[in-house]
Amino acid sequence: MMLISLHHVWRRWIIIAPMNQGGEPIMKTVIESKTAPIPISPYSQAVANGNLLFVSGFIGQDPSTGKLVNHSIEAEIRQVFANIQAVVKEAGFEMSDIHKTTVFVTDFSFYGLFNSIYNEYFPESHPARSTVQVADLLLDARIEIEAIAVKNETWKGGIPRDW
């Protein structure tokens, strides 16, 4: 699968695809971290394409047992971030590369605690974020977070000189 976009520039359609150093189109790469929970459904922990990383939703599942950490809501939230951090690191990204998170919660009563922990992982600049209350999450989790990360690299593509 190739990330391609069509752009209409000065009465012409041009195709712009991200390229690697050798000028080849960048393809989808599945990211698998051994220090994050193994998916229990047919999905990838994350998928990278060039400087983009799409991290699947993670709950507070302990990677060593496959079970939800249910010591406290704080432990659950911290495990969610540990799981995300493991996959982000495996992909060669950093938490500071995360530009967008989507947070699913079953109850807003722990929202203040969540925000204080969130600030620990994103101390300098906060990613854009959506937070949605849901009726239920897998394994009776109380929180799930998915993320999109972007490495700030110079794009090596290029635009045709004659446009």
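Right above here is the structure, for reference.
I will try to describe carefully the structure that is included in this document. (Residues numbered from 1 in each chain as written. Predicted model: local features only at pLDDT ≥ 70, side-chain atom pairs only at ≥ 80, totals over all residues. Heavy atoms only, no water.)

Right, let's get into the sheet that holds strand 5 (residues 52-58). With mixed pairing, 6 strands are arranged side by side in an open sheet as 3-4-5-8-6-7. Two strands bound the open sheet, and with one partner strand each, they are strand 3 (29-31) and strand 7 (128-133). Strand-to-strand, the axes of this sheet are offset by a mean angle of 15 degrees, without reference to chain direction. Looking at chain direction, strand 4 (residues 46-49) and strand 5 are connected through 4 bridges and run antiparallel. Looking at the pairing, Ala46 lines up with Val55 of strand 5. (Pairing = 2+ DSSP bridges. Helix = DSSP H or I, 4+ residues; strand = E, 2+ residues; numbered from the N terminus. Axes fitted to C-alpha atoms, helices over the stretch in contact; angles between N-to-C directions.)

Two numbers describe a pair of aromatic rings. These are the distance of the centres and the angle of the planes. Summed over all chains, the structure comprises 8 aromatic pairs. Plain terms: the ring middles of Phe81 and Phe122 are 6.3 Å apart, the flat faces sit at 70 degrees to each other, and that makes the pair edge-to-face. Of the two residues, Phe81 sits in helix 1 (residues 73-90) while Phe122 sits in the loop between helix 2 (111-121) and strand 7, which places them 41 residues apart along the sequence. Taken individually, Phe81 and Phe122 each receive the classification buried, so the pair is uniform in this respect. We note Arg129 situated over the ring of Tyr118; from NZ or CZ to the ring centre the distance is 4.5 Å. (Phe/Tyr/Trp six-rings, centres within 6.5 Å; stacked < 30°, edge-to-face > 60°. Buried < 20%, exposed > 50% of the residue type's maximum accessible area, 1.4 Å probe, protein only. Lys NZ or Arg CZ within 6 Å of the ring centre and 35° of its normal.)

Attention now moves to the packing of helix 1 against helix 2. Two numbers describe how helix 1 lies on helix 2: the axes approach to 10 Å, and their chain directions differ by 30 degrees. Compared by their axis directions, helix 1 and helix 2 come out roughly parallel. You can see that helix 1 and helix 2 cross each other, and the crossing is right-handed. Here Ile73, Glu74, Ile77, Arg78, Phe81, Ala82 and Gln85 of helix 1 lie close against helix 2, whose contacting residues are Leu113, Phe114, Ile117, Tyr118, Glu120 and Tyr121. (Parallel < 35°, antiparallel > 145°, perpendicular 65-115°, else oblique. Left-handed = near helix turned anticlockwise from the far one by under 90°. Contact = heavy atoms within 4.5 Å.)

Let us look at the nonpolar core. Grouped together as the largest cluster of nonpolar side chains are 31 residues, with contacts concentrated most on Leu53, Phe81, Phe114 and Ile143. At the level of elements, strand 4, strand 5, helix 1, strand 6 (98-105), helix 2 and strand 8 (143-150) are the ones that each hand at least two residues to this core. Here the element with the most residues in this core is helix 1; it accounts for 8 residues. Phe81 has contacts with Met95, Phe114, Ile117, Tyr118, Tyr121, Phe122 and Ile145, leaving out every residue within four places of it along the chain. The next biggest cluster of nonpolar side chains, apart from the first, holds 5 residues, and it includes Ile59, Leu68, Phe104 and Ala141. (Core = buried A, V, L, I, M, F, W, Y, C linked by side-chain atoms within 4.5 Å.)

Looking at the element boundaries, Val88 is found in helix 1. The class for Val88 is buried, based on a relative accessible area of 1%. Residues Val88 and Gln45, spaced 43 residues apart in sequence, show a C-alpha to C-alpha distance of 9.6 Å. Beyond its immediate stretch of four places on either side in the chain, Val88 contacts Leu53, Val55, Phe93, Glu94, Met95 and Ile98.

Glancing now at the pattern of salt bridges. Taken as a whole, this structure holds 3 salt bridges when the rule is applied. With a shortest N-O distance of 3.1 Å, Arg78 and Glu74 are connected by a salt bridge. Here the residue Arg78 and the residue Glu74 both occupy positions in helix 1, the gap between them amounting to 4 residues, near one helical turn. Taking the shortest distance from any N to any O, the salt bridge between Arg78 and Glu120 comes out at 2.8 Å. Linking Arg78 in helix 1 with Glu120 in helix 2, this pair joins segments that are 42 residues apart in sequence. Its relative accessible area of 46% is what places Glu120 among the partly exposed residues. Through salt bridges with shared partners, a single ionic network connects Glu74, Arg78 and Glu120. (Salt bridge = Lys/Arg side-chain N within 4 Å of Asp/Glu carboxyl O.)

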